[in-house]
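Coordinate inspection notes
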Amino acid sequence: MRTPPPQPVGVSARHTSVPAPTALEADPAARAHLIVAATGNPAVEQLVKTLQAQAAHSSVEVLVASDDGEAELEEQLRTRLERATVGLRLYVAGSESLVRRAAALALACGLERDELRTQVTASPARRVWCTHCKTITPAVTTTIARCDGCARMLEVYHHFSRRHGAYMGYQADAEMPGELPEPEVRWA
Amino acid sequence: MGVTLAVRVAAVRDLAPDVRELVLEPANGHPLPPFSPGSHVVVHVPGERTRKNAYSLACAPWATGAYRIAVRRIDAGRGGSRGVHERIAPGDLLTIDPPRNLFAPIVRARRHVLVAGGIGITPFVSYAHQLRAEDVPFELHYAFREPAGGPLLDELRDLCPDALHAYADPTGALLLPALDVALRDQPLGTHLSVCGPAPMMDAVVGRATALGWPPSRIHLERFGVDTGTMEPFTVRLAGSGRTLTVGEDVTLLEALEEDGVAVPFLCRQGICGECRLAVVDGTPDHRDLYLNPQDRASNAWVMPCVSRCADAGPLVLDLP
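The notes below deal with the structure included here. Sequence positions are assigned chain by chain, starting from 1 and proceeding in written order. As they are written, the chains are lettered A onward and the ligands numbered 1 onward, keeping that order. Only residues with pLDDT of at least 70 are given local features in this predicted model, and only at 80 or more are side-chain atom pairs given and counted; all residues enter the totals for whole chains, interfaces and linings. The side-chain quantities take in all heavy atoms of the structure and omit both hydrogens and water.

Looking at the overall build of chain B
Our working rule: In this description a helix means any DSSP run of H or I spanning at least four residues, a strand means any run of E spanning at least two, and both kinds are numbered starting from the N terminus. What the globule rule says is 2.2 Å times the number of residues to the power 0.38, and the radius of gyration is computed from C-alpha atoms. Contact criterion: two residues are considered in contact whenever any of their non-hydrogen atoms come within 4.5 Å of each other. Per-residue accessibility takes into account occlusion by the displayed protein chains alone, with areas from the Shrake-Rupley method and a 1.4 Å probe. Only four residue types enter the charge count: Lys and Arg as positive, Asp and Glu as negative, with His and the chain ends excluded. Working definition for charges: the position is that of NZ of Lys, CZ of Arg, CG of Asp or CD of Glu.
Within chain B, the regular secondary structure consists of seven helices and 18 strands. Relative to a compact globule of 320 residues, whose C-alpha radius of gyration would be 20 Å, chain B shows 20 Å and is just as compact. Of all intrachain contacts in chain B linking residues separated by at least 6 positions in sequence, the fraction that spans at least 24 positions is 67%. About 14,000 Å² of surface is accessible on chain B, with carbon and sulfur atoms providing 51% of the total. For chain B, the separation between the mean place of its 30 positive charges and that of its 37 negative charges on side chains is 2 Å.

What follows is the structure, encoded as structure tokens:
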């Protein structure tokens, strides 16, 4: 069994596409605030308090999310963004998967990066986009994972697409079929 | 840099008492290059001293048969715009730099709000042609002083009647209330582009920001910076030890160029950052709009197109 490849060190934090951890930061300059999160999320409670104190003139709306209702939430968010006007800020807190899906949707609806604030507050499991069949495999916790679409064993690479809201995966044993590195649990 | 275009002045027309339009055709039989909307050309204006001034191309981006520029005369300047008004006649040959662009429309925008004050309308002429051709929705707010209409207004009325909002607004009282309404109701994906006199631009940016527009949606083209008085000073090139004098009617950039030092440049107005030079010793007098506060305070950089030395020098530059 070949040894796993060494940790990639070639990409600096400044240049990597992998999102850095961020926090929900209130933007009092906005006219409307839309928050997407599960109820009882402490980061959101703090945000709402800050907005009430600093941005009393603007509207605050909360879309309640549950991690298993992601598809439904996406529809609600899309509808809301399609009628939004410039002046809106979107805040998303929840699992890695929820946050990245919501951000990808916001991008598709014309939201700019400085109009979005996110915070991963729940499962760090990643969405992985398969280079070969283009399927996105949700909730990947290990460095090597089976593709839901084509069953290839994918290495989860340190490249992230904002458009897909997913990390790039490619066939881990493409060069020597059957020779796979030992998977590590890294995002559970 | 170094590549220039030879053009012949095909026509000269006054669009207003202080605004002159020049139509420039190629002087050597080859079509002029097409350009992206928002581009400008640097015109080498003849005079006792050649002034290189940037002017927006106020024509369709595919107008390769002739370029058009509209130049507002500024009496308090160093003579570039005066030269355009006084020294250029039809038939004259001119040298211009090829089109460059520091103000292109945002490609991902689903809609554009364009705001022009006075001569700031010029970059939006090429925008209007392009956006119409691509069927991208936009609105163009054009405020001018003259009751009869600002330069290029008739052409814009023909080109984009539904998009155009014109304000005969000598006191500036009409534009901001109108924008107050317009900027509240733009669909997500709209971008704002502004060009005009500095106080007007600052007021529009202030209003948009107060209405929740983030910096990523606000795009500006500033037409130059007030350069102030120009005292002579000396410069030393750190590499060779050579010294030169920057006279009172010359910019540091011009003095370096006249001395054979090739410095990259673009706007020549203190805005774009292209001509930045490292300072080894001496104190720059910063007059640009480019350097951030930390760089400015460190005095490790200078923008030679507009900035000077805080005293008689020598300002020592990291040049060979």
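Points about the sheet that holds strand β4 (residues 116-120) of chain A
Residue and element names in this part refer to chain A. Going by this rule: DSSP-based pairing: two strands are paired if at least 2 bridges between them are found. A fitted line through C-alpha atoms represents every axis, and for helices the fit uses only the stretch in contact; the resulting angles, taken between N-to-C directions, go from 0 to 180 degrees.
A sheet is described by the order of its strands in space; here four strands give the open sequence β2-β1-β3-β4, paired in parallel fashion. Looking at strand neighbours, the two that pair on one side only are β2 (59-64) and β4, the edges of this open sheet. Strand after strand, the sheet turns through a mean of 15° between neighbouring axes, direction not considered. One ladder, built from six bridges, connects strand β1 (residues 32-37) with β2; its direction is parallel. Looking across to β2, one finds that H33 is bridged to V60. Contacting β1, β2, β3 (88-94) and β4, helix α1 (residues 42-54) crosses the sheet at an angle of about 165° to β1.

Side note on the pairing of strand β12 (residues 233-237) of chain B
Residues and elements named next belong to chain B. Rules: Between buried and exposed lies partly exposed: a residue is buried under 20% and exposed over 50% of the maximum accessible area for its type, with that area taken using a 1.4 Å probe on protein chains only.
Residue alternation in β12 divides its side chains into a buried set, F233, V235 and L237, and an unburied set, T234 and R236. Bridge analysis of β12 against strand β13 (residues 243-246) gives four bridges, and the strand direction is antiparallel. Its bridge partner lying in β13, T234 is registered against T245. The pairing of β12 with strand β18 (residues 315-317) spans three bridges and is parallel. Opposite L237, over in β18, you have L317 as the bridge partner.

Examining the packing of helix α2 (residues 70-82) of chain A against helix α3 (residues 96-108) of chain A
All names here are of chain A. Keep this limit in mind: For this classification, under 35 degrees means roughly parallel, over 145 means roughly antiparallel, 65 to 115 means roughly perpendicular, and everything else is oblique. Working rule for handedness: look at the near helix, and if it is turned counterclockwise from the far one by less than a right angle, call the crossing left-handed; if clockwise, right-handed. By the convention adopted, Pro, Cys, Tyr, Trp, Phe, Met, Ile, Leu, Val and Ala count as nonpolar, Lys, Arg, Asp and Glu as charged, and the other residues, Gly among them, as polar.
Between α2 and α3, whose axes approach to 10 Å, the crossing angle comes to 30°. Looking at the two axes, α2 sits roughly parallel to α3. Considering only the axes of α2 and α3, their crossing is right-handed. On α3, the residues that touch E70, A71, L73, E74, L77, R78 and L81 of α2 are S97, L98, R101, A102, L105 and A106. For the contact of α2 with α3, the residue count by class is eight nonpolar, one polar and four charged.

Focus on unusual backbone geometry
All names here are of chain B. In this chain, G313 is followed by P314 through a cis amide linkage whose omega measures 5°. Note that P314 resides in the loop between β17 (308-309) and β18. Of note in the backbone geometry, N299 takes a positive phi value of approximately 55° without being a glycine. Looking at where N299 falls in the secondary structure, it is placed in the loop between α7 (293-298) and β16 (301-302).

Notes on the interface of chain A and chain B
Think of interface size as the accessible area that goes away when the parts come together; that is how it is often given. This is how the line gets drawn: Here the quantity called buried area is the total loss of accessible area, with a 1.4 Å probe, experienced by two parts when brought into contact, counted for both. By definition, a salt bridge exists where a carboxyl oxygen of Asp or Glu is found within 4 Å of a side-chain nitrogen of Lys or Arg. As used in this structure description, the phrase polar contact means that two N or O atoms lie within 3.5 Å; if the pair is within protein, one of them must be able to donate a hydrogen and the other to accept it, and residues adjacent in sequence are counted only when both atoms belong to side chains.
With 16 residues of chain A at the interface, the matching set in chain B holds 20 residues. The largest share of the area that chain A buries against chain B comes from R31(A), V86(A) and E112(A), three residues that together contribute 44% of it. At the boundary of chain A and chain B, one finds two salt bridges. Between E112(A) and R108(B) there is a salt bridge, with the nearest N and O atoms lying 2.7 Å from each other. Taken together, the connections running from chain A to chain B amount to 11 residue pairs in polar contact (both at pLDDT 80 or more). Grouping the constituent residues of the side of chain A that touches chain B by class yields eight nonpolar, three polar and five charged.

Here we look at the side chain of S95(A)
Residues and elements named next belong to chain A. Note that S95 resides in the loop between β3 and α3. With relative accessibility at 5%, the residue S95 sits in the buried group. For S95, the side chain forms a polar contact with the main-chain nitrogen of L98, separated by 3.0 Å.

As for α1(A)
Residues and elements named next belong to chain A. Quick note on the threshold: A helix is expected to reach a length of 1.5 Å times the quantity of its residues less one.
An ideal rise of 1.5 Å per residue puts 18 Å on 13 residues; α1 measures up with 18 Å between its terminal C-alpha atoms. Its buried side turned inward, α1 meets β1, β2, β3 and β4. The N-cap of α1, judged by a side-chain oxygen 3.0 Å from the amide nitrogen of A43 a few residues on, is N41.

A short note on the sheet that holds strand β9 (residues 164-168) of chain B
Across a sheet, paired strands are connected by hydrogen bonds in the backbone, their directions being either parallel or antiparallel. Residue and element names in this part refer to chain B. As summarised here, the arrangement of the five strands in space is β9-β8-β7-β10-β11, forming an open sheet in which the pairing is parallel. Here the strands that pair on one side only, and so sit at the sheet edges, are β9 and β11 (218-222). The average undirected angle you get between the axes of adjacent strands in this sheet is 15°. Helix-sheet contacts for helix α2 (residues 122-134) involve β7 (111-117), β8 (138-144), β10 (190-196) and β11, and the interaxial angle to β7 is about 155°. Of the strands in this sheet, β7, β8 and β9 touch helix α4 (residues 175-182), which is tilted by about 165° from β8.

Don't take any of this as a statement about function, it's just geometry.
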